[in-house]
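Examination of the molecular architecture
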Amino acid sequence: GMIFNGKLSEPLTYDDGPSPTVTPRILKCLQDNGGRATFFMVGKQVIKSPDVLKQMVAQGCEVANHTYDHTLMTKVAPAELANQLVATNQVVSDACGISPVLMRPCGGAKTVEGMNIASGSPLPFRTASMILKERLGSIPLEMRNSMMSSRQPMASLTLAVPEVIRSLALPSHT
């Protein structure tokens with residue numbers, strides 16, 4: 001789950017990273033608010049930004065597996081999925097010395113065989129975008145309108161991250 005100033009709060013997770021530009025901003029905001037989160041990593045992104053992964057671990061965030069190239073388990077054979085998970089764990093371990101123990105299916109697409117390969121179902125985390133949709137009322141109207149009409153939802157979500165994290169850090173969420 002997400003931790004703020006040593007107290008458990010709502011779980012906050014991020015998928016599809018690390019991004020060399022977006023993830024450091026999220027990490028800075030978490031650090032400024034005494035928070036940690038779980039980051040579900042795509043293996044090929046880890047290779048591009050190993051220093052960002054090291055920063056996550058240094059801040060006490062959890063790193064987890066999100067396949068090597070964002071593969072939907074419904075679109076590949078079980079053996080390919082297994083290869084994707086092993087490859088991602090290896091590049092994450094090479095980058096930061098930690099081998100992920102959590103996995104989240106890309107796009108929420110699951111198969112029985114795929115979940116068996118992944119050693120059971122992932123924990124019921126909510127993504128940042130899910131929390132954002134619940135908390136749109138705490139985001140200034142002009143930012144909300146810009147985000148909802150954006151053709152770049154990740155960039156828009158990044159604008160709202162500070163608001164989401166600050167709202168989670170408030171006493172009512174600890």
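Up top is the structure these notes are about.
Notes on the structure in this doc start here. (Residues numbered from 1 in each chain as written. Predicted model: local features only at pLDDT ≥ 70, side-chain atom pairs only at ≥ 80, totals over all residues. Heavy atoms only, no water.)

1. Remarks on the packing of aromatic side chains
- What the rule picks out here adds up to one aromatic pair.
- Residue placement shows R104 over the ring face of F40; its charged tip is 4.2 Å from the ring centre. (Phe/Tyr/Trp six-rings, centres within 6.5 Å; stacked < 30°, edge-to-face > 60°. Lys NZ or Arg CZ within 6 Å of the ring centre and 35° of its normal.)

2. Topic: the packing of helix α1 (residues 22-32) against helix α3 (residues 50-58)
- The contact between α1 and α3 brings their axes to 10 Å, and the two run at 15 degrees. Taken together, the axis directions place α1 and α3 in an arrangement best described as roughly parallel. Like other packed secondary-structure pairs, α1 and α3 cross with a definite hand, here left-handed. Residues T23, P24 and L27 of α1 form the contact with α3, whose own contacting residues are V52, Q55 and M56.
- Within the contact of α1 with α3, the residues separate by chemical class into four nonpolar, two polar and no charged. (Axes fitted to C-alpha atoms, helices over the stretch in contact; angles between N-to-C directions. Helix = DSSP H or I, 4+ residues; strand = E, 2+ residues; numbered from the N terminus. Parallel < 35°, antiparallel > 145°, perpendicular 65-115°, else oblique. Left-handed = near helix turned anticlockwise from the far one by under 90°. Contact = heavy atoms within 4.5 Å. Nonpolar A, V, L, I, M, F, W, Y, C, P; charged D, E, K, R; others polar.)

3. What about unusual backbone geometry?
- A cis amide bond, omega 5 degrees, links G17 with the succeeding residue P18.
- By the element assignment, P18 lies in the loop between β3 (13-17) and α1.
- The residue D16 is not glycine, and still its phi comes out positive at about 75 degrees.
- For D16, the position within the fold is in strand β3.
- We classify D16 as partly exposed; its relative accessible area is 38%.
- The backbone phi angle of T67 is positive, close to 70 degrees, even though this residue is not glycine. (Buried < 20%, exposed > 50% of the residue type's maximum accessible area, 1.4 Å probe, protein only.)

4. What about the environment of Q31?
- Here Q31 is to be found in helix α1.
- Separated by 28 residues in sequence, Q31 and Q59 have C-alpha atoms that sit 7.2 Å apart.

5. With respect to the side chain of T88
- Structurally, T88 can be placed in helix α4 (residues 78-96).
- Among the residues examined, T88 registers a relative accessible area of 0% and is labelled buried.
- Those residues in contact with T88 that lie beyond four places of it in its chain are M41, G43, N65, H66, T67 and Y68.

6. Some thoughts on the nonpolar core
- Counting residues in each nonpolar core, the largest one holds 22 residues, and the members touching the most others are Y14, L30, F39, M41, L53 and M56.
- Broken down by secondary-structure element, the contributors of at least two residues to this core are α1, β5 (38-41), α3, α4 and α8 (153-169).
- Here this core gets five residues from one element, more than from any other, and that element is α1.
- The next biggest cluster of nonpolar side chains, apart from the first, holds six residues, and it includes M73, L81, M103 and M115. (Core = buried A, V, L, I, M, F, W, Y, C linked by side-chain atoms within 4.5 Å.)

7. Notes on α4
- Helix length check: α4, at 19 residues, gives a terminal C-alpha distance of 27 Å against a target of 27 Å (1.5 Å per residue), a fit within 8%.
- Taken as a whole, α4 has its buried residues at L81, Q84, L85, T88, N89, V91, V92, A95 and C96. All buried residues of α4 project into a common sector of 165 degrees when viewed along the axis, lining one side. Those residues of α4 that are exposed and aimed more than 90 degrees away from the buried face are A79, N83, V86 and D94.
- Contact partners of the buried residues in α4: β5, α2 (43-48), α3, β6 (62-65) and α5 (112-117).
- Within two residues after α4, G97 carries a phi angle of roughly 85 degrees, on the positive side. (Expected span 1.5 Å × (residues − 1). Arc of directions from axis to C-beta.)

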